[in-house]
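So the chains spell out like this:
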Amino acid sequence: MSQTAIADQIESHIGHLIEDWTTAVREDPRIQSDENLTKPELIDHVPAILEEICELIRKREIPGVRNSLEARANVYVRFHQGYTGRDLVRELSLLRITLLDYLMDLSLGGTIGLSFEERHEAGKIINLYLDEEMRYAISVFCNPPTLVQAEQ
Amino acid sequence: MISQVDFDKFVKDYNDDYLLLLKRASIRHYDCLISAFMVLKDLYKVIQVMFDTGHYTYKVLPYPFSFRADEVLLGQLGFDQQEIQSIFGFLDHVKTTQGMEFEACLEAGTVAMCARVR
């Protein structure tokens, strides 16, 4: 199975993965920042994040400052939604678990012939991408900028 | 190395320009908007790379470059429903005129400069 096939599998299951992740976030008593958010507000940038991760897996590209635009957008939105940094980190941790569990399911299913090396490479990109977002989030939340509303 | 004051100015310039481009999209003024976003994306990346060095802090967060399918973000930026639909309409416009998604267009670089009548 190629990295493209792994990315295609994840992309075709984005709806289910988001559903699993949403449930995990809502049920986690340690996350409180989500309480006042509607479901669309909670989901917000996560589908775009998954699509960007899939694109990186497809291109076998290492996530970094220049190719994680959606991760940075998510930090921006969460910061303005009044999230705490620790809740965002926990939320991203749950997203990581959701994705790595799915990767394991793909591997255990056996029908798509995912090798250990291929799973490891895709897992590495997932981890590095989410670490990149956490790195950015920590930088922002530790020195919080001024909250500004755009003027129309 | 540039000063924190200069860095703040970069961020302010980026934010002003970003909002201006979105405002243009929100009134369906799509002409040459792709090339404008292309230039702005480079500035956004420079800001992010500089911030990542740890030498600078944000007085104000730069607006995220990505706005695809993000009503929450566009709402936060002060756009109403009709304007948001016009902004999303720009993404459709890019696909129709350039034959590729907006993001792919930005990656393609100068090939996609300014829509041509075909």
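The structure under discussion appears in the preceding block.
Residues numbered from 1 in each chain as written. Chains lettered and ligands numbered in written order. Predicted model: local features only at pLDDT ≥ 70, side-chain atom pairs only at ≥ 80, totals over all residues. Heavy atoms only, no water.

Asker: Hey, could you run me through the overall build of chain A in this one?
Answerer: Helix and strand counts for chain A come out as seven helices and zero strands. Helices and strands in chain A line up, N terminus first, as α-α-α-α-α-α-α. In terms of overall dimensions, chain A is globule-like: its C-alpha atoms have a radius of gyration of 16 Å, near the 15 Å expected for 152 residues. C-alpha extents for chain A along the principal axes are approximately 50 × 35 × 30 Å. Considering chain A as a whole, with its 152 residues, one finds that 51% of them fall into the buried category. (Helix = DSSP H or I, 4+ residues; strand = E, 2+ residues; numbered from the N terminus. Rg over C-alpha atoms; globule rule 2.2 N^0.38 Å. Buried < 20%, exposed > 50% of the residue type's maximum accessible area, 1.4 Å probe, protein only.)

Asker: Would you explain the interface of chain B and chain A in this entry?
Answerer: At the interface, 27 residues of chain B touch 28 residues of chain A. In total, chain B and chain A occlude about 2,500 Å² of area from one another, counting both sides; carbon and sulfur atoms represent 60% of this. Summed over the three residues of chain B that lose the most area to chain A, namely Asp 52, Leu 61 and Gln 76 of chain B, the buried surface amounts to 24% of that side. Run the count over chain B and chain A and you get one salt bridge. Residue Arg 135 of chain A pairs with Asp 52 of chain B through a salt bridge whose shortest N-O separation is 2.8 Å. Here chain B and chain A share five residue pairs in polar contact (both at pLDDT 80 or more) between them. Those elements that provide at least two residues to the side of chain B that touches chain A are α1 (4–26), α2 (33–52) and α3 (71–76) of chain B. (Contact = heavy atoms within 4.5 Å. Buried area = accessible area lost by both parts, 1.4 Å probe. Salt bridge = Lys/Arg side-chain N within 4 Å of Asp/Glu carboxyl O. Polar contact = N/O pair within 3.5 Å; in protein donor to acceptor, adjacent residues only side chain to side chain.)

Asker: Where do I start with helix α1 (residues 3–12) of chain A in this structure?
Answerer: Since one α-helical turn is 3.6 residues long, residues separated by three or four positions face the same way. Residues and elements named next belong to chain A. All of the buried residues along α1 are Gln 3, Ile 6, Ala 7 and Ile 10. One side of α1 carries all its buried residues, which in axial view fall inside an arc of 95 degrees. Summarising the contacts, the buried residues of α1 are in contact with α2 (14–27), α4 (46–59), α6 (85–109) and α7 (116–142). (Arc of directions from axis to C-beta.)

Asker: Help me out: how do you make sense of the layout of surface pockets in this one?
Answerer: In this structure, the largest pocket occupies an estimated 650 Å³ of space. Of all the elements in the fold, those that place two or more residues in the lining of the largest pocket are α4 and α5 (69–80) of chain A together with α2 and α5 (102–108) of chain B. Take the lining of the largest pocket: its biggest share by element is seven residues, from α4 of chain A. Residue composition of the lining of the largest pocket, by class: nine nonpolar, three polar and 15 charged. (1 Å grid on protein atoms, 1.4 Å probe; cavity = no way out; pocket = protein on both sides within 12 Å on 5 of 7 lines; lining within 4 Å. Points joined across faces, edges and corners; volume = space filled by probe spheres on them. Nonpolar A, V, L, I, M, F, W, Y, C, P; charged D, E, K, R; others polar.)

Asker: What is the right way to read the nonpolar core from this model?
Answerer: Note on soluble globular proteins: their nonpolar side chains tend to be buried together. Ranked by size, the top nonpolar core spans 83 residues in total, and within it Tyr 18, Phe 37, Phe 67, Leu 77 and Phe 90 of chain B carry the most contacts. Considering each element in turn, this core owes the most residues, ten residues, to α7 of chain A. Ignoring any residue separated from it by four or fewer positions in sequence, one finds Phe 90 of chain B in contact with Ala 25, Tyr 30, Leu 33, Ile 34, Phe 37, Phe 67 and Phe 102 of chain B. (Core = buried A, V, L, I, M, F, W, Y, C linked by side-chain atoms within 4.5 Å.)

By themselves, these figures tell us nothing about what the structure is for.
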